[in-house]
Amino acid sequence: MCKVKSMYMKALEGVRAYRRASKGYFYDESETVRQMKKELYDGASGFSTDRDKIRSDWRAISGDIKKAFKNLQASNV
């Protein structure tokens, strides 16, 4: 049932995309793009906020690397 539902949802999204394109909405932005633009252009940005964001990004990246390395080690055992 889950596979049928996922196939139905994919087909429905295709129909929606075709309908939007046929109406002329070629450059409709997704919600993710809107959030990224809002983050980049709205709000005050300064040296301290940029530094904090870079630190949090590095923490997330290092966590992902550690997790991948542990998975690699576990799969080689």
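A brief structural summary. Since the model is a prediction, treat every value here as computed from it, not as a measurement. (Residues numbered from 1 in each chain as written. Predicted model: local features only at pLDDT ≥ 70, side-chain atom pairs only at ≥ 80, totals over all residues. Heavy atoms only, no water.)

**Description of the pattern of salt bridges**
- For the coordinates displayed, the defined rule picks out two salt bridges.
- A salt bridge links Arg-20 to Glu-13; its shortest N-O distance comes to 3.6 Å.
- You can call Arg-20 partly exposed: its relative accessible area is 34%.
- With relative accessibility at 40%, the residue Glu-13 sits in the partly exposed group.
- Between Glu-31 and Arg-34 there is a salt bridge, with the nearest N and O atoms lying 2.9 Å from each other. Of this pair, Glu-31 and Arg-34 both sit in helix H2 (residues 31–41), three residues apart, roughly one helical turn.
- For Arg-34, a relative accessible area of 39% gives the class partly exposed. (Salt bridge = Lys/Arg side-chain N within 4 Å of Asp/Glu carboxyl O. Buried < 20%, exposed > 50% of the residue type's maximum accessible area, 1.4 Å probe, protein only. Helix = DSSP H or I, 4+ residues; strand = E, 2+ residues; numbered from the N terminus.)

**Quick look at H2**
- Taken across its eleven residues, H2 has zero buried, putting it largely on the surface.
- Looking one or two residues beyond H2, the residue adopting positive phi is Gly-43, at roughly 85 degrees.

**So, a nonpolar patch on the surface**
- Together, Ile-54, Trp-58, Ile-61 and Ile-65 line one region of the surface with nonpolar side chains, adding up to about 450 Å² of accessible area.
- Looking at where Ile-65 falls in the secondary structure, it is placed in helix H3 (residues 47–76). (Patch = residues over 30% accessible without salt bridge, like charges linked within 9 Å, V, L, I, M, F, W, Y side chains within 5 Å. Areas by Shrake-Rupley, 256 points an atom, 1.4 Å probe, with all protein chains shown as cover.)

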